[in-house]
Amino acid sequence: MPIRFFPIKFDKLRMKLEAAKRAGYDKAITFEFSHFMSPNSAYLQAGHLYDRYKEYFNIK
């Protein structure tokens, strides 16, 4: 059975992270499937999500 939903768009994830930061939170949990955060995923969007996540947190 195929997955019927796709990775979150990074703009939306960033908005949520920044809102949490303004509210005083310094940790966050996202419930994205692990393969949606993998640069080796079959989903093209997953590689982009991973790249944007690394850029946002300045991870090399």
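Heads up: the structure comes first, above all this text.
In short, a report on the structure. (Residues numbered from 1 in each chain as written. Predicted model: local features only at pLDDT ≥ 70, side-chain atom pairs only at ≥ 80, totals over all residues. Heavy atoms only, no water.)

Next up on the list: the environment of Leu 44. Structurally, Leu 44 can be placed in helix 2 (residues 44-56). Counting along the chain gives 37 residues from Leu 44 to Pro 7, while the straight-line C-alpha distance between them is 9.9 Å. (Helix = DSSP H or I, 4+ residues; strand = E, 2+ residues; numbered from the N terminus.)

Let's shift gears to the layout of surface pockets. Estimated volume of the largest pocket: approximately 440 Å³. Lining the largest pocket are 19 residues, with Leu 13, Leu 17, Ala 28, Ile 29 and Phe 57 positioned closest to its centre. Among the secondary structure elements, those contributing two or more residues to the lining of the largest pocket are helix 1 (10-22) and helix 2. A class-by-class count of the residues in the lining of the largest pocket yields 12 nonpolar, one polar and six charged. (1 Å grid on protein atoms, 1.4 Å probe; cavity = no way out; pocket = protein on both sides within 12 Å on 5 of 7 lines; lining within 4 Å. Points joined across faces, edges and corners; volume = space filled by probe spheres on them. Nonpolar A, V, L, I, M, F, W, Y, C, P; charged D, E, K, R; others polar.)

Together, Tyr 53, Phe 57 and Ile 59 make up a nonpolar patch on the protein surface, roughly 260 Å² of accessible area in all. In this fold, Phe 57 is placed in the segment after helix 2. (Patch = residues over 30% accessible without salt bridge, like charges linked within 9 Å, V, L, I, M, F, W, Y side chains within 5 Å. Areas by Shrake-Rupley, 256 points an atom, 1.4 Å probe, with all protein chains shown as cover. Salt bridge = Lys/Arg side-chain N within 4 Å of Asp/Glu carboxyl O.)

A few words now on helix 1. Across its 13 residues, helix 1 extends 18 Å between first and last C-alpha, which sits within 8% of the 18 Å expected from 1.5 Å per residue. Listed as buried for helix 1 are Phe 10, Leu 13 and Leu 17. End-on, the buried residues of helix 1 take up no more than an arc of 60°, which puts them together on one face. The outward face of helix 1, more than 90 degrees from its buried face, is lined by the exposed residues Asp 11 and Arg 22. Against the buried residues of helix 1 lie helix 2. Positive backbone phi, approximately 100°, marks Gly 24, located one or two places after helix 1. (Expected span 1.5 Å × (residues − 1). Buried < 20%, exposed > 50% of the residue type's maximum accessible area, 1.4 Å probe, protein only. Arc of directions from axis to C-beta. Contact = heavy atoms within 4.5 Å.)

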